[in-house]
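# Inside the fold
One letter stands for each residue in the lines below.
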Amino acid sequence: MASVTFKNNPVTLLGNEVKVGDQAPEFEVLANDLSPFQLKDSAEKIKLISVVPSIDTGVCDAQTRRFNEEAGELENVEVLTISADLPFAQKRWCGANGLENVITLSDHRELSFGKAYGVAIEELRLLARAVFVIDTNDKVVHAEYVSEATNHPDYEAAIAAAKSAN
């Protein structure tokens, strides 16, 4: 398992670590309208999955904005931001901030995504910061577990992986 800290305190991640070359695990989360969303709903697209602990924090806000800006330049790439925030909070945040190029999804109900991708923080019921890029055949081509949850991911590496997955 990936070794992750939250505010410099070690945390326990539930689930299995996903590695480059793995078949992307299926999951079910909630869209902002409370409808179910699964990996297969993005079939035939490259998926850049940006995982954040809570969209209402500074680093998570910046991460979501950065990938929103980049999404407009990426061909056949769907940018998904997943957190354990409630769908209502995600919808309010996106509306207030004018973000249109990312799809925010909530894993609050069952931590299906968090457990499938090894990012569910047992002690906090939040998701650890991570970025995954999944190609059109649902193979993982990029996986980054950010070792300190309050740090930024490697944006350039994720964007490069999404571009080269075409």
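For the structure itself, look to the data block above.
In short, a report on the structure. Bear in mind that the values here come from a model prediction, so they are computed numbers and not experimental data.

### Regarding the overall build of the protein chain
Of the regular secondary structure elements, the protein chain holds four helices and 12 strands. With respect to the principal axes defined by its C-alpha atoms, the protein chain has extents near 40 × 35 × 30 Å. The burial tally for the protein chain puts 52% of its 166 residues in the buried class. Here the analysis covers contacts within the protein chain between residues at least 6 apart in sequence; of these, 67% occur between residues at least 24 apart. Here the protein chain has roughly 7,500 Å² of accessible surface; of this, 46% comes from carbon and sulfur atoms. Computed over 15 positive and 26 negative side-chain charges, the inter-centroid distance for the protein chain is 3 Å.

### Side note on the packing of aromatic side chains
The relation between two aromatic rings is expressed through the spacing of the ring centres and the mutual angle of the planes. Using the criterion set out here, one finds seven aromatic pairs in the structure. Centroid distance F27 to F113: 5.0 Å. Interplanar angle 90°. Geometry classified as edge-to-face. Of the two residues, F27 sits in the loop between β3 (13-14) and β4 (28-30) while F113 sits in helix α3 (residues 112-116), which places them 86 residues apart along the sequence. Each member of the pair F27 and F113 is classed as buried. Seen from their ring centres, F27 and Y117 are 5.9 Å apart, and the 75° between their planes marks the pair as edge-to-face. Within this pair, whereas F27 is found in the loop between β3 and β4, its partner Y117 is found in the loop between α3 and β9 (120-121), the two being separated by 90 residues in sequence.

### Let's talk about the pattern of salt bridges
Using the criterion set out here, one finds seven salt bridges in the structure. Residues E70 and R66 are paired through a salt bridge, measuring 3.2 Å at the closest nitrogen-oxygen approach. Of this pair, E70 and R66 both sit in helix α1 (residues 58-71), four residues apart, roughly one helical turn. Residue class for R66 comes out partly exposed when judged on its relative accessible area of 24%. Close ionic contact of R66 with E156 constitutes a salt bridge, the shortest N to O distance being 3.1 Å.

### Re the nonpolar core
Side chains of a nonpolar character, in soluble globular proteins, are inclined to be buried together. Among the nonpolar cores identified, the biggest contains 32 residues, and F27, I49, F113, Y117, V119 and F132 are the most heavily contacted of them. Counting residues per element, the ones that place at least two in this core are β6 (46-51), β7 (77-83), β9, β11 (130-134) and β12 (140-145). At three residues, β11 tops the list of elements feeding residues into this core. Setting aside residues up to four positions removed in sequence, F113 forms contacts with F27, V29, I49, V51, I82, D107, V119, L127 and F132.

### A word on helix α4 (residues 155-164)
For α4, the full list of buried residues reads Y155, A158, I159, A161 and A162. Projected down its long axis, α4 carries its buried residues within an arc of 160°, all on one side. Every exposed residue of α4 that faces more than 90 degrees away from the buried side is listed here: E156, K163 and S164. Residues of α4 that are buried sit in contact with β6, α1, β7, β11 and β12. The N-cap residue of α4 is D154: its side-chain oxygen and the backbone nitrogen of E156 are 3.4 Å apart.

Rules of the game
Residue positions are given per chain, counting from 1 as you read along its sequence in written order. In keeping with the model being predicted, local features are shown solely for residues with a pLDDT of at least 70 and side-chain atom pairs are shown and tallied solely at 80 or more, while totals for entire chains, interfaces and linings include all residues. Excluding hydrogens and water, the side-chain values take into account all heavy atoms of the structure. Helix and strand definitions here come from DSSP, where helices need a minimum of 4 consecutive H or I residues and strands a minimum of 2 consecutive E residues; each element is numbered from the N-terminal end. Summary of the burial criterion: residues with accessible area below 20% of their type's maximum are buried, those above 50% are exposed, and those between are partly exposed, where the area comes from a 1.4 Å probe applied to protein chains only. Contacts between residues were defined by any pair of non-hydrogen atoms, one from each residue, lying within 4.5 Å. To be clear on the numbers: accessible area is Shrake-Rupley with a 1.4 Å probe, and residue cover counts the displayed protein chains and nothing else. This count recognises Lys and Arg as positive and Asp and Glu as negative, with His and chain-terminal groups excluded. Where a charge lies is defined by one atom per residue type: Lys uses NZ, Arg uses CZ, Asp uses CG and Glu uses CD. Stacked, tilted and edge-to-face are the three classes assigned to paired rings of Phe, Tyr and Trp, where Trp is represented by its six-membered ring and a pair needs centres within 6.5 Å; plane angles under 30 degrees give stacked, over 60 edge-to-face, the rest tilted. In what follows, salt bridge is the name for a side-chain nitrogen of Lys or Arg lying within 4 Å of a carboxyl oxygen of Asp or Glu. Note on terminology: a nonpolar core comprises buried Ala, Val, Leu, Ile, Met, Phe, Trp, Tyr and Cys residues joined through side-chain atoms within 4.5 Å. In this description, the arc belongs to the directions extending from the helix axis to the C-beta atoms. N or O atoms closer than or at 3.5 Å make up a polar contact, with two conditions inside protein: a donor-capable atom paired with an acceptor-capable one, and, for residues adjacent in sequence, both atoms drawn from side chains.

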